[in-house]
There are 2 protein chains.
Amino acid sequence: MAKVSKPESCLSCPYKWKYLNLLEDKDINSIQRSCTIINFKKGETICKQGTDATHALYLAKGMVKLYIEGKKNLILKLIKSGEYIDLQTLFGDKTYKYSVAAMEDTMVCMINSEILQDLAKQNSDYLFELTKTISDSGNYVYKKISDISRKQLRGRLADSLLYLRNEIFNSDEFDMGMTRKELAELSSMSMENAVRILSEFKKDKIISLEGKRIKILQIDILKKLSDIG
Amino acid sequence: MAKVSKPESCLSCPYKWKYLNLLEDKDINSIQRSCTIINFKKGETICKQGTDATHALYLAKGMVKLYIEGKKNLILKLIKSGEYIDLQTLFGDKTYKYSVAAMEDTMVCMINSEILQDLAKQNSDYLFELTKTISDSGNYVYKKISDISRKQLRGRLADSLLYLRNEIFNSDEFDMGMTRKELAELSSMSMENAVRILSEFKKDKIISLEGKRIKILQIDILKKLSDIG
DNA sequence: GAATATTGTTGTTTTATATCAATAAATTTT
DNA sequence: AAAATTTATTGATATAAAACAACAATATTC
């Protein structure tokens, strides 16, 4: 199970949020006292759809997937270290609309929601940055819903590959770090079709593919596929 | 075209936002000075996907649809009077991810974005409520993306009817105030299928239907259809 | 109020995509 | 390292939903 500990110093933490310094030192210390560090192993659930949020979850190290559960899962996005995992559940209606699970070994800081919100209310520069974060996250979902509801298989898989390249790995070549099933869940399609289209892209020399290792050979074609949908 | 005027008194406005009073009177006056009232006729575009947001749009009177444009439109939600139309574009990356158009004659208050944000920064109770609004709007989209990507036609149309009943008209009987095409766009399906399923629901006595007038006869069945997807 | 345009309706056909099935490959567990 | 489980692959089949078509009913414009 997940291993629990307390932070030594949030002020000098190498993983701290880029806007944490908008708070005064005493407030950062107050966050530190409230903070619990939890280490999750790959595959472990960090938060569960339907439960209530009591803590802000800050992803210090690792990578997680945020997904909606149902008969089939829908992965909405991956989250990399240095970002808050949720926020909008804290400020909104408190019940998680999704689950979050670790894609690799992951270190999460849990900060009591009330303490964070009190501090935010007292420091509007900090709150302002939190609000910007929440807003951008909402804007991302608008794009996602538009892509998913309108594009067909090839366009959606191209979207996923471009997403991995541009937002997650920042490189033409990467280990996608997820199973075909998860890639399918990210692209809202069946696993069989994800496999099929992946092979098709490989055959057409748009990507090279070996196991989970992907190299994007013709990004312009992927972009075109994404555009025509 | 849309008719433009200035507000007489935001402080005593019967349509004002329920949290406006969190601001001090001088700040409300400052909003008033920056505010322009615009009256849109049914069908007119209030904001256009792809353009940049320069003003907060507050919907004082009327009803609008917020939709993503593409080969086919996707209506994400309807917005009733007493709510901000966007916000998250203002606090996020500024470019509208969607368009908004009037479903009926509508009165919108445009407030300069910088003025609103400056006031918000100086009054964190107000900013806090704005943040809550943005968060809930994001949470709504999570539900929408989940419904749209997983349910099939009947479930999605049931969702739309329940949405109109529960969130918009608060009554079992209502004039849906939109064309079949728009109902289809709200449900992410073709117009033909929206018509077909509507007739099916009518035949099965789940709803009564005459033109745009709908009466929900068996809400439990709609809920069930929504649940099983 | 006639003419035109838009919206609604129903049946048929086509297409995209999921599901099923059978087998192969890769992991994980023993 | 063998056994068991999960993941990946490919082909065949079934199904949901879109597109097409032809016509009816409303709106809108002249």
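Note that the structure is a prediction, hence the values are computed from the model and not measured. (Residues numbered from 1 in each chain as written. Chains lettered and ligands numbered in written order. Predicted model: local features only at pLDDT ≥ 70, side-chain atom pairs only at ≥ 80, totals over all residues. Heavy atoms only, no water.)

Caption draft 1: View of the relation of the copies chain A and chain B. For the pair chain A and chain B, the best superposition has an RMSD of 0.0 Å and corresponds to a rotation of 180 degrees with a translation of 0.0 Å parallel to the axis. A rotation of that kind, with that shift, is consistent with a two-fold axis. (Least-squares fit on C-alpha atoms with pLDDT ≥ 70 in both.)

Caption draft 2: View of the domain arrangement of chain A. Residue and element names in this part refer to chain A. Partitioning chain A into domains gives domain 1 (3-126) and domain 2 (150-228). Here the C-alpha centre of domain 2 lies 29 Å away from the C-alpha centre of domain 1. Taken residue by residue, the interface counts nine residues in domain 1 and twelve residues in domain 2. Across the interface of domain 1 and domain 2, roughly 930 Å² is buried in total on both sides, 57% from carbon and sulfur atoms. It is Ile75, Leu78 and Lys80 in domain 1 that bury the most area against domain 2; as a group they hold 50% of the surface buried on that side. Ionic pairing is found between Glu182 and Lys65, a salt bridge with its closest N-O pair at 2.8 Å. Scanning the region where domain 1 abuts domain 2 turns up five residue pairs in polar contact (both at pLDDT 80 or more). (Domains from an automatic or database assignment. Contact = heavy atoms within 4.5 Å. Buried area = accessible area lost by both parts, 1.4 Å probe. Salt bridge = Lys/Arg side-chain N within 4 Å of Asp/Glu carboxyl O. Polar contact = N/O pair within 3.5 Å; in protein donor to acceptor, adjacent residues only side chain to side chain.)

Caption draft 3: Just the nonpolar core, in detail. Residues Tyr84 of chain A together with Tyr84 of chain B are the most contacted members of the largest nonpolar core, which totals 98 residues. Dropping the residues within four chain positions of it, Tyr84 of chain B is found in contact with Trp17, Ala56, Leu57, Tyr58, Ile79, Ile111, Leu116, Tyr126 and Leu130 of chain B. (Core = buried A, V, L, I, M, F, W, Y, C linked by side-chain atoms within 4.5 Å. Buried < 20%, exposed > 50% of the residue type's maximum accessible area, 1.4 Å probe, protein only.)

Caption draft 4: View of the pairing of strand S6 (residues 74-80) of chain A. Residues and elements named next belong to chain A. Taken across its seven residues, S6 has six buried, putting it largely inside the fold. Bridge count for strand S5 (residues 63-68) against S6 is six bridges, and the pairing is antiparallel. When the bridges of S6 are listed, Met63 appears paired with Lys80. Hairpin connection from S5 to S6: five residues lie between these consecutive antiparallel strands. (Helix = DSSP H or I, 4+ residues; strand = E, 2+ residues; numbered from the N terminus. Pairing = 2+ DSSP bridges.)

Caption draft 5: Quick peek at the sheet that holds strand S4 (residues 55-61) of chain B. All names here are of chain B. Strand order in the open sheet formed by five strands is S1-S2-S9-S4-S7, and the pairing between neighbours is antiparallel. The open sheet is flanked by strand S1 (3-5) and strand S7 (83-84), the only strands paired with a single partner. Of the pairings in the sheet, the one linking S4 to S7 comprises two bridges and is antiparallel in character. Across the sheet, residue Tyr58 finds its bridge partner in S7, namely Tyr84.

Caption draft 6: Broad picture of the protein's contact with DNA strand D. Taken together, 17 residues form the shell around DNA strand D, and within it Arg180, Arg196 and Ser199 of chain A together with Gln152 and Asn193 of chain B come nearest. The contact atoms of DNA strand D, taken as those within 4 Å of the protein, divide so that sugar and phosphate hold 59%. Between DNA strand D and Arg180 of chain A, the relevant distance is 2.6 Å, taken from a phosphate oxygen to a side-chain nitrogen or oxygen of the residue. Between DNA strand D and Lys212 of chain A, the relevant distance is 3.3 Å, taken from a phosphate oxygen to a side-chain nitrogen or oxygen of the residue. Ranked by the residues each element gives to the surface near DNA strand D, the list is headed by helix H7 (residues 191-203) of chain A, at five residues. Of the residues contributing to the surface near DNA strand D, the split by class is four nonpolar, six polar and seven charged. (Near = heavy atom within 4 Å. Nonpolar A, V, L, I, M, F, W, Y, C, P; charged D, E, K, R; others polar.)

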